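Per-entry structural report
Spelled out from the first residue to the last, the chains are:
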Amino acid sequence: MFTMGLTNSEQIAIWAVFAIAWVGLGYAIFLRSQIMREDKGTEKMQEVWNAIKDGANAYLQKQLRSILPLIAILAVALFASVYIVPPSPEAHLRFPSMNDSQLQFWIGIARGLAFIMGAGFSLTVGRIGMRMAVEANVRVASASKRSFGEALRIAYRAGTVTGMLTDGLGLLGGTVIFIILGVAAPDALLGFGFGGTLLALFMRVGGGIFTKAADVGADLVGKVEAGIPEDDPRNPAVIADLVGDNVGDCAGMAADIFESYEVTIVSGLILGLALWHITDRLEWIIFPLMVRGIGVLSSIIGTYFVKAGKTGTSEDAMKAIFSGFLTSAVISAALFFIAGFFYLNSPEMSMWGGWWRLPMAVGVGVLLAIVIDRLTEYFTGTHAAPVNDVKKAADTGPATLILNGISLGFESSVWSVLVIAMTIIASIAIFGSIDNPSLDAVGRSTFILYGVAMTGIGMLTLTGNNVAMDSFGPISDNANGIGEMAWSGKTDKATKDAQQIMADLDAVGNTTKAITKGVAIGSAVIAAVSLFGSFLVDVSRAQAGLGIPAAQQIQAIGIRVDIPQVFVGMLIGGALPWLFSSFAIQAVARAASLIVLEVRRQFKLGVLEGKVKPDYAQAVEISTTAAQKELVSLALLGIVTPIVVGLFLQVEALGGFLAGIIVSGQLLAVFLNNSGGAWDNAKKLIEDEPKDPAKNLGKGSERHKAGVVGDTVGDPFKDTAGPALNPMIKVVNLVAVIIAPIVVQYQNATGAALYTVWAVGLILLGVLAWAVMRSKAAAPSMAMAMDDVKQPERKSKKK
């Protein structure tokens, strides 16, 4: 274990954090055993459940085969990347007996293995989280026959299993790397964060395309064209839709928040290391790990405050869930200050502003999570004015409803970015006022960026609660779908009561999904700003290694927008989220078209009339194939673009590129998330109305059709493009931090080195062009699907 400079109490604290990581994992196993003992319902319910489970497992297996080659290539590339630049001073300090070549070899091994570990942990969280959700949904449906509170408890605690996995594995990975490498940990932590982030991008993109292709296709043909209810067992795309909820919202979101959890600790430790150089104090590195341990314990306690009675409404469920979240927030905030007082209250730390600044910054992060929670619920919840305004717009058709949702999304983006801006201002207020004569402008800036990183760590302290809230959505949605399919045609009071419980939990699930996506977007921006600080630190260190005076290093002179290359980099960075979102939504549109054609084909064969049974497997296969086609090309946009910008426009332009993507990506992601969530809940409000065609109310009415159209437009907004922007922004930032020292090393290259840089850049431009062309290519099976639709018509004409 790394012990240099650590006191006995600090060593005990590190091992205590390591133990808490295992406590979180143990609690996940404990909750799983509880849930697995619950009743799985009738044979018909289990039949639907098995179809969902088989489809979800098949998708994940195919996805894994698609991404493993790229993971292997990148692991080798990360190992090789350490040979291009000299070893860091921290690596020499940690392993003084090794020479440069030995250090490069072992740090390369550590970075490659950390990358694989991060990717493996992210994959594990996503896969186990999805399987836990699948196991829970049928049990929630069965519990709805008995009690509202019981159904709520099972759904939330099943989500908590995934939350504790996220907490436990994220904390375990970061702590183990620090225990082994000590002050040299950032070299490996970059690989750990990159692995988790890249897997999250894969899970988000693939799952988002799958789920929304199936959802859009099922809704357009089932609800709008055929006029059948949602989750009607006659709809051939209904199982694909239910599978999609799991692979998109459970596997994708769990991996997404896991990588945010990783990246905030990575950026915090890198900036903490920079402060160690300034202050010669390790508290800046140890305290973030202690905060994460506190968060695990607080999330466990908060789980037991999510409860309701035998009967209840969607409002009761939302209050119960928020009660658990708020309880964990209060407990963790109190423990931050207690831990800070006992650990940071020393004469040495008082020279750097006193003990209260770190817990205060983390507390601001917790407050930020709560504010974003409330803000997102206001713009997407069924009880607030914005969604009800969207619902009212359905009176005049789908066009006004869509316009209302778009304007709502635009407004919500502004408020979200202002909240994040206030968070950064709070960091300036907390750390910018440190009164130490030895602190120069660069050091003061480093302190402020460290404060931003600490707010990100605080924001994701309640990761267990956040993931539980997110998984609650697809679990209750699937439970509702299983009930609709298994209880179709039943009109007894018990069934109607159970269906109402499921509908209420489903509506709450839509809001909790939107809330956690809002938190994920906010954490992505905070993490990106923190990584931007890490980028500045690493570039300055690389410049110092080349003998560039401190006054000429990037931390001292900043990134000047009036330099043309920097402005070009900023423009490219601002444009990338829009191109990425365009390709993601196009992918959904292409795949949804195939689903529409397939459902129409089966309807023409007599599925609606009961002449033949629906072939659910075909829609699952179409969605799976379409999702895999886009995975690598969309990921390459995030990996290759920053490298190309750095090689051709130099490191200052790469900094401008990062600034552009952070601002543009934040605004676009919030817009997509909240407008899509508002359209979805507006549709549900219309569906909850008493059915009265004469008054244009309820399911089947023209207002309902307008709501379905709005929801269909919003589906790829809120479940594909919007959420996928979170990991994409962080992939770009991590690649920039990894590549920055290499760009500095070869910025003034001449001769053969210059030709090599240009050759690599041109090859990567070719890779980028291939990714763009592949993302724009038509689905290869479209013509075949259209031919399949026409075949029954030809046969009927011959007869």
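Below or above, wherever it landed, is the structure these notes cover.

What counts and how
- Residues numbered from 1 in each chain as written.
- Predicted model: local features only at pLDDT ≥ 70, side-chain atom pairs only at ≥ 80, totals over all residues.
- Heavy atoms only, no water.
- Helix = DSSP H or I, 4+ residues; strand = E, 2+ residues; numbered from the N terminus.
- Rg over C-alpha atoms; globule rule 2.2 N^0.38 Å.
- Buried < 20%, exposed > 50% of the residue type's maximum accessible area, 1.4 Å probe, protein only.
- Contact = heavy atoms within 4.5 Å.
- Areas by Shrake-Rupley, 256 points an atom, 1.4 Å probe, with all protein chains shown as cover.
- Lys, Arg positive; Asp, Glu negative; His and termini not counted.
- Charge placed at Lys NZ, Arg CZ, Asp CG, Glu CD.
- Salt bridge = Lys/Arg side-chain N within 4 Å of Asp/Glu carboxyl O.
- 1 Å grid on protein atoms, 1.4 Å probe; cavity = no way out; pocket = protein on both sides within 12 Å on 5 of 7 lines; lining within 4 Å.
- Points joined across faces, edges and corners; volume = space filled by probe spheres on them.
- Nonpolar A, V, L, I, M, F, W, Y, C, P; charged D, E, K, R; others polar.
- Axes fitted to C-alpha atoms, helices over the stretch in contact; angles between N-to-C directions.
- Parallel < 35°, antiparallel > 145°, perpendicular 65-115°, else oblique.
- Left-handed = near helix turned anticlockwise from the far one by under 90°.
- Expected span 1.5 Å × (residues − 1).
- Phe/Tyr/Trp six-rings, centres within 6.5 Å; stacked < 30°, edge-to-face > 60°.
- Bend = angle between axes of the 7 residues up to and from the residue.
- Polar contact = N/O pair within 3.5 Å; in protein donor to acceptor, adjacent residues only side chain to side chain.
- Core = buried A, V, L, I, M, F, W, Y, C linked by side-chain atoms within 4.5 Å.

Helix and strand counts for the chain come out as 22 helices and 0 strands. For 799 residues, the compact-globule estimate of 2.2 N^0.38 gives 28 Å, and the chain sits close to it at 26 Å. Considering only C-alpha atoms, the chain reaches an extent of 85 × 60 × 45 Å along its principal axes. Within the chain, the proportion of its 799 residues that are buried is 62%. When contacts within the chain are restricted to residue pairs at least 6 apart in sequence, those whose partners lie at least 24 apart make up 86%. About 27500 Å² of surface is accessible on the chain, with carbon and sulfur atoms providing 65% of the total. Here the chain contributes 61 positively and 63 negatively charged side chains, and the mean placements of these two sets differ by 6 Å.

Attention shifts here to the pattern of salt bridges. This model, assessed by the stated rule, comprises 30 salt bridges. The shortest N-O distance in the salt bridge between glutamate 259 and lysine 730 comes to 2.8 Å. With a gap of 471 residues between them, glutamate 259 in helix H7 (residues 238-279) and lysine 730 in helix H20 (residues 702-745) connect regions that are remote in the sequence. Given the relative accessible area of 0%, glutamate 259 is considered buried.

Attention now goes to empty space enclosed by the protein. Any empty space left between the atoms is revealed when a probe the size of a water molecule rolls over them. Per the counting criterion, the structure on display carries 6 cavities of 30 Å³ or more. Estimates place the volume of the largest cavity at around 130 Å³. Every residue lining the largest cavity is counted, 17 residues in all, and those nearest its centre are Lys212, Asp215, Glu230, Asp477 and Asp680. Where the lining of the largest cavity is concerned, the elements lending two or more residues are helix H6 (185-225), H7, helix H16 (493-545), helix H19 (616-687) and H20. Taken together, the residues of the lining of the largest cavity break down into 1 nonpolar, 1 polar and 15 charged. For the second largest cavity, the calculated volume is near 70 Å³. Lining the second largest cavity are Ser314, Glu315, Met318, Glu377, Gly381, Thr382, His383, Ala507, Val508 and Thr511. Where the lining of the second largest cavity is concerned, the elements lending two or more residues are helix H9 (314-344) and H16.

For the pair H7 and helix H14 (residues 441-459), the least separation of the axes is 9 Å and the interaxial angle reads 150 degrees. Taken together, the axis directions place H7 and H14 in an arrangement best described as roughly antiparallel. Of the two possible hands of crossing, H7 and H14 adopt the one that is left-handed. Facing H7, whose interface residues are Thr264, Ile265, Ser267, Gly268, Leu271, Gly272, Ala274, Leu275, Ile278 and Thr279, H14 presents Gly443, Thr446, Phe447, Leu449, Tyr450, Ala453, Gly456 and Ile457. When its residues are assigned to classes, the contact of H7 with H14 shows 10 nonpolar, 8 polar and no charged.

Turning next to helix H18 (residues 564-604). Taking 1.5 Å per residue, 41 residues should reach 60 Å; H18 reaches 60 Å between its end C-alpha atoms and fits that length. Of the residues flanking the end of H18, it is glycine 606, one or two places downstream, whose phi is positive at about 105 degrees.

With that out of the way, let us pick up the packing of aromatic side chains. Counted by the stated rule, this structure contains 25 aromatic pairs. Plain terms: the ring middles of tryptophan 352 and phenylalanine 447 are 6.1 Å apart, the flat faces sit at 20 degrees to each other, and that makes the pair stacked. Residue tryptophan 352 is found in the loop between helix H10 (347-350) and helix H11 (357-380), and its partner phenylalanine 447 is found in helix H14; the two are separated by 95 residues along the sequence. For phenylalanine 447, a relative accessible area of 0% translates into the label buried.

Now for the layout of surface pockets. Approximately 1000 Å³ is the volume attributed to the largest pocket. Lining the largest pocket are 45 residues; nearest its centre among them are Pro89, Val537, Asp538, Arg541 and Ala542. Mapped by element, the contributors of at least two residues to the lining of the largest pocket are helix H3 (89-94), helix H4 (100-143), H6, H7, H14, H16, helix H17 (554-557) and H20. Per element, the largest residue contribution to the lining of the largest pocket is 7 residues, and it comes from H16. Residue composition of the lining of the largest pocket, grouped by class: 27 nonpolar, 12 polar and 6 charged. Estimates place the volume of the second largest pocket at around 840 Å³. If you go around the second largest pocket, you meet 33 residues; those closest to its centre are Pro229, Glu484, Gln499, Glu687 and Lys699. Those elements that provide at least two residues to the lining of the second largest pocket are H6, helix H15 (463-486), H16, H19 and H20. Per-element accounting of the lining of the second largest pocket gives the leading share, 6 residues, to H16. Taken together, the residues of the lining of the second largest pocket break down into 9 nonpolar, 9 polar and 15 charged.

Along its 72 residues, H19 runs just 25 Å from first to last C-alpha, ending more than 12% under the 106 Å computed at 1.5 Å per residue. The largest bend in H19 is about 135 degrees, located at leucine 649. Burial analysis of H19 places 58 of its 72 residues in the buried class, which makes it a mostly covered element.

It is worth spelling out the environment of threonine 624 at this point. Note on placement: threonine 624 falls in helix H19. Here the alpha-carbon distance between threonine 624 and isoleucine 300, two residues 324 residues apart in the chain, equals 35 Å. With sequence-adjacent residues up to four places away left out, threonine 624 is seen in contact with Tyr59, Lys62 and Phe210.

What follows concerns the side chain of serine 328. Tracing the sequence through the fold places serine 328 in helix H9. Using a relative accessible area of 0% as the deciding quantity, one classes serine 328 as buried. Side-chain polar atoms of serine 328 contact the side chain of asparagine 465, separated by 3.1 Å. If we skip the residues at most four places from it in the chain, serine 328 touches Ser298, Ser299, Gly302, Leu462 and Asn465.

It is the contact of H4 with helix H5 (residues 148-181), at a shortest axis distance of 8 Å, that shows an interaxial angle of 170 degrees. What the angle tells us is that H4 and H5 run roughly antiparallel. Taken together, the residues of the contact of H4 with H5 break down into 19 nonpolar, 5 polar and 2 charged.

Moving on, we get to the environment of alanine 426. Inspection of the secondary structure puts alanine 426 in helix H13 (residues 398-431). On the accessibility criterion, alanine 426 (21% relative accessible area) is partly exposed. For the pair alanine 426 and alanine 361, spaced 65 residues apart in sequence, the C-alpha separation works out to 7.8 Å.

Attention shifts here to unusual backbone geometry. Positive phi is not limited to glycine here, since aspartate 280 has a value of about 60 degrees. The exposure class assigned to aspartate 280 is exposed, which follows from its relative accessible area of 58%. A positive phi angle, close to 80 degrees, is found at glutamine 650, a residue other than glycine. Classification of glutamine 650 as partly exposed rests on a relative accessible area of 30%.

Let us now look at the nonpolar core. Buried together is how nonpolar side chains tend to be arranged in soluble globular proteins. By size, the foremost hydrophobic cluster in this structure holds 259 residues, and its most contacted members are Phe194, Phe287, Phe431 and Phe535. When near neighbours in sequence (up to four residues on either side) are disregarded, phenylalanine 535 contacts Ile554, Ile559, Val651, Leu654, Gly655, Leu658, Ala736, Val737 and Ala740. By size, the runner-up hydrophobic cluster in this structure holds 5 residues, among which are Met253, Ile257, Val467 and Ala520.

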